[in-house]
Amino acid sequence: MDETIFDVAVIGLGYIGLPTAASFAAKGKHVAGIDVKQATVDAVNRGEVPFVEPDMAVVVSGAVNLGYLVAMTTVPTADAYIIAVPTPLAEGKGADLSYLRSAVEALAPKLRGGELVVLESTSPPGTTERLGAYLMELRPDLSLDATDGHGQVHVVHSPERVLPGRIMIEIVTNDRVIGGLTEEGAQLAKRLYEVICQGQILLTDATTAEMTKLVENTFRDVNIAFANELSIICDKLGIDVWKLIEMANHHPRVNVLRPGPGVGGHCIAVDPWFIVDAVPEHSGLIRTAREVNDSKPYHVVRQAVEALADKPGATVAVLGLAFKANIDDVRESPSVTIVQELVKQLPASTILVVDPNVEELPAAVAGSGLSRLHGQDEAIAAADLVMLLVDHDDFLTVDPASLEGKQIIDTKGIWNQPDVAEASLQHIPVGAGVGG
Ligand code: SAJ
């Protein structure tokens, strides 16, 4: 029997690869989803999504049930390959491109000439060009441009830009940048993405596309660092940072972002380093912003330690382990650092961690000696100090009466509303100061 040739093969079925595969499949493309993890492949083939993301389950199960999406552990033959594997931070703050190298090695033997190879993973400048060169090393019988008469492979970068929590919407509505090693490759990729993307598709070269993505996340990081630094300055000055920001943002050209316990996730907390790593001598501002955001969790811990200076053996309820609201992703979460540090710095205290979206304590937290997650009501009732680290919907509706008489560290400013303040909480300002 002839081997199936898929329209699209998506390598990596994570937060980006799976919704991308499912979106193409939902538009009637025959899609193979490839992942090294057998458990992920099995889950997808049962029509299940192995993580929490609004609206995704129905698209994946529909695509699988109709036979447009099938998952597997080896790379099949396809007309277009989309690589969506992790490109995490390596030691020394460069990118670890080992998953990318494995993906290229897995797809290279399948190429026949004429295919499109799209790199979606966030990558340091120059990665797509190096990917092309590596492909040519593996397949010297093929070429990256049509000039030498060999079968041509079109290599492009089209960075994913979807926001976790809104992936299924943004995958359709966001504008998309496509950078080709050749103009023809970029045009081919444009035609492919037009199948799922209703936003504008902007064409450029591969390195500019790589930098566009890094700059977007770096812009956020630098601006969040400003907000985080402001929150600490405000505590020193005895000013409410949330009111200050609200008022400053009335100016037509000011939009200060929101302070918090730090910056988490695998994107904003990581991507700026790729720019610093590429041009270290000229990226002082970007580096400093990263350091400000990375130091914020330790600042929150200092607040807790100061708040409990006279209460050894106090109980602390920590609300929120995910890196942001209404998702279950704990990667690079500032909450994880905060919990680890609380355990270390408050050895006599009982730390009760609550997260309605997270199923079990991540290894990094369990390794600190905590045994399980706790229920929200139970933890708040037992606590002397309640620390709000994530603005999950479940925490927005906490009954102010249940917080009465307790010390509060609200890093997201969600309980900092007049009606809650009236409930005579012992509110500790968001930055450094300790209230009582
Ligand atoms: N955060 C703040 N204050 C703010 C906004 C965010 O402290 O005002 C924190 C969040 O709590 C979280 C972190 O920043 O810890 C990042 O959250 P986020 O929602 O801003 O962004 P991500 O990391 O979930 O997704 C980002 C998005 N990039 C931009 O908005 C420029 C998304 O579009 C990218 O696709 C994604 O990174 C990615 O994959 O690179």
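Residues numbered from 1 in each chain as written. Predicted model: local features only at pLDDT ≥ 70, side-chain atom pairs only at ≥ 80, totals over all residues. Heavy atoms only, no water.

We now examine the pattern of salt bridges. Per the stated rule, a full pass over the model turns up 16 salt bridges. With a closest N to O distance of 3.2 Å, Asp 79 and Arg 112 form a salt bridge. Of this pair, Asp 79 sits in strand β4 (residues 77–83) while Arg 112 is found in the loop between α4 (98–107) and β5 (116–119), placing the two residues 33 residues apart along the sequence. Through salt bridges with shared partners, a single network forms among Asp 79, Arg 112 and Glu 115. (Salt bridge = Lys/Arg side-chain N within 4 Å of Asp/Glu carboxyl O. Helix = DSSP H or I, 4+ residues; strand = E, 2+ residues; numbered from the N terminus.)

Bringing the packing of helix α11 (residues 284–307) against helix α12 (residues 334–345) into the picture now. At a minimum axis distance of 9 Å, the contact between α11 and α12 shows a crossing angle of 40 degrees. Classified by the interaxial angle, the pair formed by α11 and α12 is oblique. In this structure, the crossing between α11 and α12 has a hand that is right-handed. Every residue of α12 that contacts α11 at Pro 297, Tyr 298, Val 300, Val 301, Ala 304 and Val 305 is listed here: Pro 334, Thr 337, Ile 338, Glu 341, Leu 342 and Gln 345. Residues belonging to the contact of α11 with α12 are distributed by class as follows: nine nonpolar, two polar and one charged. (Axes fitted to C-alpha atoms, helices over the stretch in contact; angles between N-to-C directions. Parallel < 35°, antiparallel > 145°, perpendicular 65-115°, else oblique. Left-handed = near helix turned anticlockwise from the far one by under 90°. Contact = heavy atoms within 4.5 Å. Nonpolar A, V, L, I, M, F, W, Y, C, P; charged D, E, K, R; others polar.)

Moving on to the packing of aromatic side chains. Counted under the stated rule, the structure contains two aromatic pairs. Between Tyr 15 and Phe 51, the ring centres sit 4.3 Å apart and the planes meet at 25 degrees, which makes this aromatic pair stacked. Highlighted residues: Tyr 15 in the loop between β1 (5–11) and α1 (17–26) and Phe 51 in the loop between α2 (38–45) and α3 (56–65), separated in sequence by 36 residues. Taking the relative accessible area as the measure of exposure, Phe 51 reaches 12% and is therefore buried. (Phe/Tyr/Trp six-rings, centres within 6.5 Å; stacked < 30°, edge-to-face > 60°. Buried < 20%, exposed > 50% of the residue type's maximum accessible area, 1.4 Å probe, protein only.)

Pairing between sheet strands relies on hydrogen bonds along the backbone, with the strands arranged either parallel or antiparallel. Read from one edge of the open sheet, eight strands run β3-β2-β1-β4-β5-β8-β9-β10, paired in mixed fashion. One side of each edge strand has no neighbouring strand; the edge strands of this open sheet are β3 (69–72) and β10 (201–205). Mean inter-strand twist for the sheet, computed between neighbouring axes without regard to direction, equals 25 degrees. Pairing between strand β2 (residues 31–34) and β3: four bridges, direction parallel. Among the inter-strand pairings, Gly 33 is bridged to a residue of β3, identified as Ala 71. The strands that helix α5 (residues 127–138) touches are β4, β5 and β8 (154–157); relative to β8, the one it contacts most, it runs at about 155 degrees. (Pairing = 2+ DSSP bridges.)

For the ligand, the set of nearby residues contains 21 residues, the closest of which are Glu 160, Arg 161, Val 162, Lys 213 and Arg 258. The separation between an oxygen atom of the ligand and a polar main-chain atom of Gly 264 is 2.9 Å. Within the side chain of Lys 324, a nitrogen or oxygen atom sits 2.8 Å from an oxygen atom of the ligand. Against a free-state accessible area of 770 Å², the protein chains account for coverage of 88% of the ligand. Each residue belonging to the shell around the ligand can be placed in one class, and the counts come to nine nonpolar, three polar and nine charged. Inspection of the shell around the ligand shows a minimum of three residues originating in each of domain 1 (5–208) and domain 2 (217–427). (Near = heavy atom within 4 Å. Polar contact = N/O pair within 3.5 Å; in protein donor to acceptor, adjacent residues only side chain to side chain. Areas by Shrake-Rupley, 256 points an atom, 1.4 Å probe, with all protein chains shown as cover. Domains from an automatic or database assignment.)

The pLDDT averaged across the protein works out to 93; a share of 94% of its residues lies at or above 70. Across residues 418–425, where pLDDT falls below 50, the model places eleven contacts with residues more than four positions away in sequence or in other chains. Taken as a whole, residues 429–436 scores under 50 in pLDDT and shows 35 contacts with residues more than four places along the chain or in a different chain. (pLDDT = per-residue confidence, 0-100.)

Take the environment of Leu 361 next. Here Leu 361 lies in the loop between β12 (350–354) and α13 (363–366). Separated by twelve residues in the primary sequence, Leu 361 and Leu 373 place their C-alpha atoms 6.3 Å from one another. Leu 361 has contacts with Leu 321, Val 353, Ala 366, Leu 370, Ser 371, Arg 372 and Leu 373, leaving out every residue within four places of it along the chain.

Quick look at the state of the cysteines now. By the definition in use, this model includes zero disulfides. The cysteine Cys 197 is free of any disulfide, with Cys 267 supplying the nearest cysteine sulfur at 18 Å. We classify Cys 197 as buried; its relative accessible area is 6%. (Disulfide = S-S within 2.5 Å.)

Our next topic: the domain arrangement of the protein. For the protein, the domain assignment lists domain 1 (5–208) and domain 2 (217–427). Here the C-alpha centroids of domain 1 and domain 2 sit 34 Å apart. Contacts between domain 1 and domain 2 engage 17 residues on the former and 14 residues on the latter. Counting the surface lost from both domain 1 and domain 2, the interface buries some 1200 Å², and carbon and sulfur atoms represent 66% of this. For the domain 1 face of the interface with domain 2, the top three residues by lost area are Tyr 15, Val 52 and Lys 93, together amounting to 38%. Across the domain 1-domain 2 interface, the total number found is zero salt bridges. The interface formed by domain 1 and domain 2 holds two residue pairs in polar contact (both at pLDDT 80 or more) in total. In terms of residue class, the side of domain 1 that touches domain 2 is made up of ten nonpolar, six polar and one charged. (Buried area = accessible area lost by both parts, 1.4 Å probe.)

Following the sequence through the fold, Arg 139 ends up in the loop between α5 and β6 (142–143). Of the polar contacts made by the side chain of Arg 139, one reaches the side chain of Asp 141; its length is 2.7 Å.

Further remarks concern α12. Residues three or four positions apart in an α-helix share a direction because the helix packs 3.6 residues into each turn. Over its twelve residues, α12 extends 16 Å from the first C-alpha to the last, a length consistent with the 16 Å expected when each residue adds 1.5 Å. At its buried positions, α12 is contacted by α11, β11 (315–319), β12, α13 and β13 (385–388). (Expected span 1.5 Å × (residues − 1).)

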